[in-house]
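Coordinates in review
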Amino acid sequence: MKTKGVIAYGLAPYGGGTTTLYRVLARGLRDRGWRVCSVAVGAGAYESFDPQFGDDHSVMLAPDATGLTAQVKVFLEWVEQNQVNLVIPNTQANLLAAVPHLPSRVRCLTICHSVSRGSYLAATLFRERLSAVVAINRRQMEDLTGRWRLPAGLVRLIPHGIDLVGFSSQARSPEAGGPLRLMFLGRLDDLDKGVMLLPAILRKTEKLGVDCSCDILGSGPDEERLKRVMEASALRAAVRFAGQVPPQEVPARLASADIFLMPSRFEGFGLSLVEAMAAGCVPVATHFRGITDMIVADGVSGFLCPLGHTRAFAEKIAWLSRHRDRLGQMSAQARKRVGEAFSQERLAADYDALFTEILSRPPISHPVRPLGEAAFPRELRPTWRTLIPLPLKNIARRWLYRLGGRIP
């Protein structure tokens with residue numbers, strides 16, 4: 001098959017959603033004739049680079065380099081040597097810094113991975129140089145063309161997708177009267193994933209008379225704190241910490257659970273949510289307008305709860321425990337929804353069409369900045385927001401979301 005083009009996807013592989021997207025998207029695009037490589041540069045990227053989450057096309061450049069100019073130089077040389085046609089820098093700061101220095105023939109596209117200020121800034125930097133900005137949910141489409149004032153023709157809505165290979169197509173029939181099997185899968189980080197809400201959810205679920213167990217898959221900065229709080233809670237439910245799970249084991253793990261818990265305080269999309277639904281694991285997740293309600297039909301393929309409302313999570317779990325027939329129906333609806341809207345085939349086809357369109361246009365004419373002017377984008381430097389204590393951030397998020405439906 002003739003190669004349609006070469007794509008550099010900025011990523012230091014790790015156990016997270018951006019890496020999952022790369023693996024799924026790259027495989028689908030390679031089947032359509034694209035050469036796709038994940039690329040990371042410098043000492044900082046090397047510290048987080050985990051080969052088990054990359055693939056044979058993952059590239060780590062200059063792992064000892066610490067200076068920005070040196071990192072940008074190495075990346076530009078690699079782009080020329082490999083005749084790269086399109087660069088997707090993602091949130092790799094040094095690759096974003098390299099954008100103004102790319103030759104005009106190289107197209108540049110950004111993917112907005114979240115609804116945070118930092119994600120919007122990273123996606124809209126050097127907008128005069130961008131061929132497209134990809135929004136992954138409806139909320140971002142509104143924000144990028146509204147508050148961030150991007151031309152509507154520049155922004156494309158392409159929701160994430162997953163590889164359905166490995167996910168069983170057999171119908172789930174939850175055992176009537178048996179213990180419910182709950183599962184959390186994701187980064188153990190309370191700031192975004194709300195993992196410190198899990199103990200309260202389980203306590204309230206027990207008070208409602210539900211017999212259940214809970215498996216917690218993943219690792220992160222709040223892992224030890226969560227273990228201590230779980231132990232101090234003296235829960236009757238068996239709570240098991242499985243640690244980081246290799247990607248190939250995820251489908252089987254999810255298939256072993258009845259309900260997927262996603263008490264996130266913040267989400268850009270929720271690939272683990274889609275994976276759970278593909279496995280027939282019914283989600284009880286936080287409701288984010290234009291994000292999770294784009295994936296889950298509340299009351300049909302799962303339940304959506306107000307941000308931080310642990311009682312609502314417990315009540316939905318209890319309802320599913322009492323109505324096992326509905327649990328089975330929701331499981332089938334969840335699997336159907338993913339197959340229709342969030343498959344690898346749809347994802348790769350959407351990007352294939354976008355990349356083909358971009359490369360068919362004349363290159364964007366712009367002055368290429370000298371390498372000596374390479375600088376870390378000031379827009380991405382830390383602001384006063386980083387000084388706000390985490391408990392205050394969580395309180396602000398909860399109430400601002402409840403009052404206005406927006407995530408600050």
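Here is a short report on the structure shown in this document. (Residues numbered from 1 in each chain as written. Predicted model: local features only at pLDDT ≥ 70, side-chain atom pairs only at ≥ 80, totals over all residues. Heavy atoms only, no water.)

Here's the deal with the overall build of the protein chain
- Helix and strand content of the protein chain: 15 helices and 13 strands.
- Expected size for 408 residues packed as a compact globule is a radius of gyration near 22 Å; at 22 Å, the protein chain falls within 12% of this value.
- Its C-alpha atoms give the protein chain principal-axis dimensions of about 65 × 50 × 40 Å.
- Going through the 408 residues of the protein chain one by one, you find that 55% of them count as buried. (Helix = DSSP H or I, 4+ residues; strand = E, 2+ residues; numbered from the N terminus. Rg over C-alpha atoms; globule rule 2.2 N^0.38 Å. Buried < 20%, exposed > 50% of the residue type's maximum accessible area, 1.4 Å probe, protein only.)

A few points about the pattern of salt bridges
- As enumerated under the stated definition, the model contains 23 salt bridges in all.
- The shortest N-O distance in the salt bridge between Arg289 and Glu142 comes to 3.2 Å. Here Arg289, found in the loop between β12 (282-286) and β13 (303-305), pairs with Glu142, found in helix α6 (residues 138-145); they are 147 residues apart in sequence, far enough to count as distant.
- Since its relative accessible area comes to 30%, Arg289 is described here as partly exposed. (Salt bridge = Lys/Arg side-chain N within 4 Å of Asp/Glu carboxyl O.)

Here's the deal with helix α5 (residues 117-124)
- Within α5, six of the eight residues are buried, which leaves the element mostly enclosed by the surrounding structure.
- Considered for burial, the residues of α5 that qualify are Ser119, Tyr120, Leu121, Ala122, Ala123 and Thr124.
- Buried residues along α5 sit against α4 (93-98), β5 (107-112), β6 (132-135) and α6.
- Following α5 by one or two positions, Phe126 adopts a phi angle in the positive range, close to 55 degrees. (Contact = heavy atoms within 4.5 Å.)

Some details on unusual backbone geometry
- Positive phi values are uncommon outside glycine, yet Asn90 reaches one of about 55 degrees.
- By the secondary structure assignment, Asn90 is in the loop between β4 (86-88) and α4.
- According to the relative accessible area criterion, Asn90 is buried, its value standing at 5%.
- Unusually for a residue other than glycine, Arg149 sits at a positive phi of about 55 degrees.
- Examined against the element boundaries, Arg149 turns out to sit in the loop between α6 and β7 (155-157).
- Its relative accessible area of 70% is what places Arg149 among the exposed residues.

Structural notes on the packing of aromatic side chains
- In this structure the tally under the stated criterion is six aromatic pairs.
- Judged by centre distance (5.3 Å) and plane angle (40 degrees), the ring pair of Tyr9 and Tyr22 falls under tilted. Linking Tyr9 in strand β1 (residues 5-10) with Tyr22 in helix α1 (residues 17-30), this pair joins segments that are 13 residues apart in sequence.
- For Tyr22, a relative accessible area of 1% corresponds to the buried category.
- An angle of 50 degrees between the planes, with centres 5.6 Å apart, marks the rings of Tyr351 and Phe355 as tilted. Placement of the pair is Tyr351 and Phe355 together in helix α14 (residues 344-360), with a separation of four residues, close to one helical turn. In terms of burial, Tyr351 and Phe355 fall into one category: buried.
- One aromatic cluster is present, built from ring pairs that chain together Trp34, Tyr351 and Phe355.
- Looking at Lys316, its charged tip hangs above the ring of Phe303, at a distance of 4.7 Å from the centre. (Phe/Tyr/Trp six-rings, centres within 6.5 Å; stacked < 30°, edge-to-face > 60°. Lys NZ or Arg CZ within 6 Å of the ring centre and 35° of its normal.)

Quick notes on α14
- The terminal C-alpha atoms of α14, which comprises 17 residues, lie 24 Å apart, in line with the 24 Å expected from a rise of 1.5 Å per residue.
- Taken residue by residue, α14 has Gln344, Arg346, Leu347, Ala348, Tyr351, Asp352, Leu354, Phe355 and Ile358 as its buried positions. (Expected span 1.5 Å × (residues − 1).)

Some points on empty space enclosed by the protein
- Summed over all chains, the structure comprises one cavity of 30 Å³ or more.
- Of the pockets and cavities examined, the largest cavity occupies roughly 60 Å³.
- Taken together, Asn90, Thr91, Leu96, Thr110, Ile111, Cys112, His113, Ser119, Ala122 and Ala123 make up the lining of the largest cavity.
- At the level of secondary structure, the elements contributing two or more residues to the lining of the largest cavity comprise β5 and α5.
- Among the residues making up the lining of the largest cavity, the classes are represented as five nonpolar, five polar and no charged. (1 Å grid on protein atoms, 1.4 Å probe; cavity = no way out; pocket = protein on both sides within 12 Å on 5 of 7 lines; lining within 4 Å. Points joined across faces, edges and corners; volume = space filled by probe spheres on them. Nonpolar A, V, L, I, M, F, W, Y, C, P; charged D, E, K, R; others polar.)

Overview of the nonpolar core
- Counting 53 residues, the largest nonpolar core has Leu109, Leu254, Tyr351 and Phe355 as its most contacted members.
- Discounting residues that sit within four places of it in the chain, Phe355 has contacts with Ile7, Leu29, Trp34, Leu86, Ile88 and Leu109.
- Within the second largest apolar cluster, 31 residues are counted, among which are Leu182, Phe184, Ile259 and Val284. (Core = buried A, V, L, I, M, F, W, Y, C linked by side-chain atoms within 4.5 Å.)

Observations concerning the sheet that holds β4
- The sheet built from seven strands is open, its strands ordered β3-β2-β1-β4-β5-β6-β7 with parallel pairing. Here the strands that pair on one side only, and so sit at the sheet edges, are β3 (58-61) and β7. Averaged over neighbouring strand pairs, the angle between their axes works out to 25 degrees when direction is ignored.
- Relative to the sheet, α1 contacts β1, β2 (34-41) and β3, its axis offset from that of β2 by approximately 155 degrees.
- Packing of α14 onto the sheet brings it into contact with β1, β2, β4, β5, β6 and β7, and relative to β5 it is tilted by some 145 degrees. (Pairing = 2+ DSSP bridges. Axes fitted to C-alpha atoms, helices over the stretch in contact; angles between N-to-C directions.)

Concerning the environment of Glu223
- Mapped onto the elements, Glu223 comes out in helix α9 (residues 223-232).
- We classify Glu223 as buried; its relative accessible area is 16%.
- If we ignore the near neighbours within four places in the chain, the residues touching Glu223 are Leu188 and Gly218.

Points about the sheet that holds β13
- Across the sheet, which stays open at both edges, the six strands sit in the order β10-β9-β8-β11-β12-β13 with parallel pairing between neighbours. Since the sheet does not close on itself, it has two edges, and those belong to β10 (238-243) and β13, each with one partner. With direction set aside, neighbouring strand axes in the sheet form an average angle of 20 degrees.
- Of the strand pairs in this sheet, strand β8 (residues 180-185) and strand β11 (residues 259-262) are connected by two bridges, and their pairing is parallel. Considered in β11, the bridge of Leu182 is made with Ile259.
- Sheet contacts for helix α12 (residues 310-322): β8, β11, β12 and β13; angle to β12, the most-contacted strand, approximately 165 degrees.

All quantities given are derived from atomic positions and should not be read as evidence of function.
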